[in-house]
Amino acid sequence: MRHANAPDSASQMRRLMFSIATMEELGDVLSSHNHFHDNLQTALLSLMGAVPVARGALLLYDRRSGELEVAAVRGSSAVAAGVRLAFPPARAEALWRRRRPLLLEHPPTGLGSWVRRTGALQELGAVALAPLRFKKELVGAVALGEKYTGEPYDESDYELIMVMANYIAIGVHNQALLSHLEKANTALRRKVTENRRLYRNLEGIYADTVKALGAAIDAKDPYTRGHSDRVARIAVALGKALGLPEAQISALRVASHLHDIGKIAVDNSVLLKPGRLDETEMLQIHRHPAVSYDILSNIAFPYPDVALIARHHHEWVNGSGYPDRLGPERLLPGMKIICIADAFDAMTSDRPYRPALDLPEAVRRIREGVGVQFDGEVTRAFFDVLRAEVCGDAAEPALIAGLNRHFSADAVIGRIDRILSDLEPVHG
């Protein structure tokens, strides 16, 4: 029987996947030279589809006149573009300070009287209002109606709305700068160039959305809750220790958060089985990296080899892993790194079939896996990072952050030193 939260997790994953897939397209739309009104209509539609809702409006704020102007509207004939709503600076300041959408059913006192007097919002059927913020400036707002499902907005809705609203705000702000450029203002031209670079840098927005998606994946199995985030932290620490380029580290971070997305195709009775898996059940488990690849290869990530790293996170350096049994010469650095990061977190976490291993036992098993499961150079970096963390020399521990501390630091350090000495001649 499927776990009770499986449909909710699958629905959340589909919605977050939609938002990731539309981010790059949304950036192209807002930075294009097409008619800006049409661009705003498309941006509004993208946001409404990600929630999803049937009615919505995008409003731009004019500081000089103290008004919000309806710039785009979908799903309602009662409100037209061009309608202007009085919105003085004090209310703009209150809305700018919002870090989550304002629910219009129970608005805070500062904005309550304005909301109740604004007929356009009532005619639209708006139930939520989210600010469009760029740095310390309010550039507008997004009004949204009820969800298609009739369900109330929840925390994941708030996070997704704010991520996409901030993304749209950058485009709106850039458009304002572009209008000034028509007057050939050199100083503003430099600012627009800088903002366009910022706008093309999707790392912050991708990080928030990808991390949320990884959490949704882990939620399918209560035993792996937080697993994707821990694997990402470990993998990034190892990538930095090995001196990988920043683009490869970013790819490794994204792939780590999403490597188990293929588990959506694995039945919960298999994931949560406390005993040994039979052959059919093992085949389900062995399919999940390939399913992850099928899903992720359809997304235009701004980093290299994300889908490939996810596909091969269970490949071993002796060629006996799955799904493709690759030998060491075909394994990318990111694949070797995520393999050991995934294995270490699995060892030190509770699973249905066994409790978490203590750190000394996990250290022993990692050492035994060198040349079989794990690459020698990556394993040496792993133990270098682990030693620094156990000694207390790491500012932000990644490997031992979630472990219990019931172990002798001196004993673990001594064992690591002996392993590092053994690994000197090893080349994985």
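Structure: see above.
Along each chain, the written sequence defines residue order, and numbers are assigned to residues from 1. Selection of residues for local features in this predicted model requires a pLDDT of at least 70, selection of side-chain atom pairs for listing and counting requires 80 or more, and totals for whole chains, interfaces and linings are taken over all residues. Values reported for side chains reflect all heavy atoms of the structure, with hydrogen atoms and water molecules removed beforehand.

Draft legend 1. Spotlight on the packing of aromatic side chains. Pairing of aromatic rings covers Phe, Tyr and Trp, the last counted by its six-membered ring, and requires centre-to-centre distances within 6.5 Å; plane angles under 30 degrees mean stacked, over 60 mean edge-to-face, and any other angle means tilted. Summed over the entire model, instances satisfying the criterion amount to three aromatic pairs. With centroids separated by 6.0 Å and ring planes inclined at 80°, the aromatic side chains of Tyr-61 and Phe-87 adopt a geometry described as edge-to-face. Taken as a pair, Tyr-61 in strand S1 (residues 56-62) and Phe-87 in the loop between strand S3 (84-86) and helix H3 (89-96) lie far apart in primary sequence, 26 residues in all. Side by side, Tyr-61 and Phe-87 carry an identical accessibility label, which is buried. A ring pair is formed by Phe-382 and Phe-383, whose centres lie 5.2 Å apart and whose planes are at 80°; its orientation type is edge-to-face. The exposure classification of Phe-382 matches that of Phe-383, with both residues buried. An aromatic cluster of at least three residues, connected via ring pairs, comprises Phe-344, Phe-382 and Phe-383. Stacked on the ring of Trp-96, the Lys or Arg Arg-99 has its end atom at 5.2 Å from the ring centre. When the NZ atom of lysine or the CZ atom of arginine is within 6 Å of a ring's centre and also within 35 degrees of its normal, the charge is said to sit over that ring. Taking NZ or CZ as reference, Arg-311 lies 5.1 Å from the ring centre of Tyr-293, over its face. Only runs of H or I of at least four residues qualify as helices and only runs of E of at least two qualify as strands under DSSP, and these elements are numbered from the N terminus. When accessible area is computed with a 1.4 Å probe and restricted to protein chains, residues below 20% of their type maximum are described as buried, those above 50% as exposed, and intermediate ones as partly exposed.

Draft legend 2. Expanded view of the sheet that holds strand S6 (residues 137-144). Here, strands pair whenever DSSP counts at least two bridges between them. Reading across the sheet, the six strands line up as S3-S2-S1-S6-S5-S4 and stay open at both edges, with antiparallel pairing between neighbours. Among the strands making up the open sheet, the edge pair consists of S3 and strand S4 (102-103). Relative to strand S5 (residues 128-134), S4 runs antiparallel, the two being bridged by two bridges. Bridging across to S5, Leu-102 finds its partner in Leu-129. Lying over the sheet, helix H2 (residues 36-50) contacts S1, strand S2 (67-74) and S6, oriented at roughly 70° with respect to S2. Contacts were defined at the residue level, with two residues in contact if any of their heavy atoms lie within 4.5 Å. Angular values range over 0 to 180 degrees, each being the angle between N-to-C directions of two axes fitted as lines to C-alpha atoms, with helices fitted over their stretch in contact. Strands in contact with H3 are S1, S3, S5 and S6; relative to S6, the strand with the most contacts, it is inclined by about 75°.

Draft legend 3. Expanded view of the pattern of salt bridges. The working definition used for a salt bridge is a side-chain nitrogen of Lys or Arg within 4 Å of a carboxyl oxygen of Asp or Glu. Considering all chains together, one arrives at 17 salt bridges under this definition. Glu-67 is paired through a salt bridge with Arg-84; the nearest N and O atoms lie 2.5 Å apart. On the criterion of sequence distance, the pair formed by Glu-67 in strand S2 and Arg-84 in strand S3 is long-range, its members being 17 residues apart. The partly exposed category is assigned to Glu-67, whose relative accessible area is 22%.

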